[in-house]
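Take a look at the letters that make up each chain.
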Amino acid sequence: MTMDTQQDEKRLNELALRAARRGDTAFTHFLDLNQIQLARMAAGRQAVQVVFCGGYENAERCMAAFYADEAPQDEDWPIQIIRISWRAQFGSPTHRDLLGALMALGFEREKIGDIALDREQAYLFAESDMADYIASSLTGAGRVTLRCEKVDSADDLPEPEGREIRAVVSSLRLDAVLAAAFSLSRAEAARLINQGRALVNQAETLRVDYTVPEHALLSLRGTGRVRLDEIAGETKKGRIALRLFVYGGGK
């Protein structure tokens, strides 16, 4: 276990313990996929519940909320949406440009969630107490001038970057689906699952024979993410046809 992992584990345990002792809700900063799994483990150790939210469906970076009794409502999460816009005829920032500009303002990565990027705008999900400063200070990224405003929702959230693929598998076992999605052998997919690198809907899954449900979000640490959009039925040879969305680009 690395020093960073030990520190993350200690911090999450302390928050889970606080929720257990006080009976209130304890929110984390934004977590990556590895930290999300540590949060689940901390909740189990302290016998509290934990839920996750990144500000929109299928967010990769999420806050965790530890609680003993009542789960937080949507309005309780300390997440603010910031719409970032620019004039595309003068150029468009990349995800790296936007993240770099935020880091240059002195923000730690844990204060910032996903950045959903489109051609002429992006939506940034950030901690609420940082939102005013971001909205007033984030004026440029790369060579592009930006305009920022806090918004209540992201109804026109851009589709994530990625590609749709179609695959045929012998079964809906996790190793078979991951192998098809990432062009791996079944043996390699099984090895990675056994190493604890596979997540189904952000929960670590060690069973290679786990049956993947339709619409599941699958992650393979160090490899990528994929969503099972459709189980399209059986082929004439009795195999199962799938429609998958493989995520690409940064978040």
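Attention here is on the structure that accompanies the text. Computed from a predicted structure; not experimentally measured.

Conventions used here
Residues numbered from 1 in each chain as written. Predicted model: local features only at pLDDT ≥ 70, side-chain atom pairs only at ≥ 80, totals over all residues. Heavy atoms only, no water. Helix = DSSP H or I, 4+ residues; strand = E, 2+ residues; numbered from the N terminus. Polar contact = N/O pair within 3.5 Å; in protein donor to acceptor, adjacent residues only side chain to side chain. Salt bridge = Lys/Arg side-chain N within 4 Å of Asp/Glu carboxyl O. Buried < 20%, exposed > 50% of the residue type's maximum accessible area, 1.4 Å probe, protein only. Pairing = 2+ DSSP bridges.

With respect to the environment of Thr28
Thought 1: Along the polypeptide, Thr28 turns up in strand S1 (residues 26–31).
Thought 2: Along the backbone, Thr28 and Gly55 are 27 residues apart, and their C-alpha atoms lie at a distance of 14 Å.
Thought 3: Only 2.9 Å separates the side chain of Thr28 from the backbone nitrogen of Ala64, close enough to count as a polar contact.

Structural notes on the pattern of salt bridges
Pairing between side chains becomes possible if they bear opposite charge and their charged atoms approach one another.
Thought 1: Evaluated as defined, the whole model comprises 18 salt bridges.
Thought 2: The residue Arg45 makes a salt bridge to Glu9 at a minimum N-O spacing of 3.8 Å. Of this pair, Arg45 sits in helix H2 (residues 33–46) while Glu9 sits in helix H1 (residues 3–22), and the two are 36 residues apart along the sequence.
Thought 3: Owing to a relative accessible area of 18%, Glu9 belongs among the buried residues under this scheme.
Thought 4: One salt bridge in this structure joins Asp209 and Arg207, with 3.1 Å as the shortest N-O distance.

Comments concerning unusual backbone geometry
Thought 1: Positioned with a positive phi, Ala47 is a non-glycine residue whose angle comes to about 60°.
Thought 2: Here Ala47 lies in the loop between H2 and strand S2 (49–53).
Thought 3: For Ser183, which is not glycine, the phi dihedral falls at a positive 55°.
Thought 4: According to the relative accessible area criterion, Ser183 is exposed, its value standing at 70%.

A look at the sheet that holds strand S13 (residues 217–220)
Thought 1: Strand order in the open sheet made by the 6 strands is S10-S15-S14-S13-S11-S12, with antiparallel pairing throughout. Since the sheet does not close on itself, it has two edges, and those belong to strand S10 (162–169) and strand S12 (203–204), each with one partner.
Thought 2: As paired strands, strand S11 (residues 198–200) and S13 are joined by 3 bridges and run antiparallel to one another. Within S13, the residue paired with Ala198 across the bridge is Leu220.

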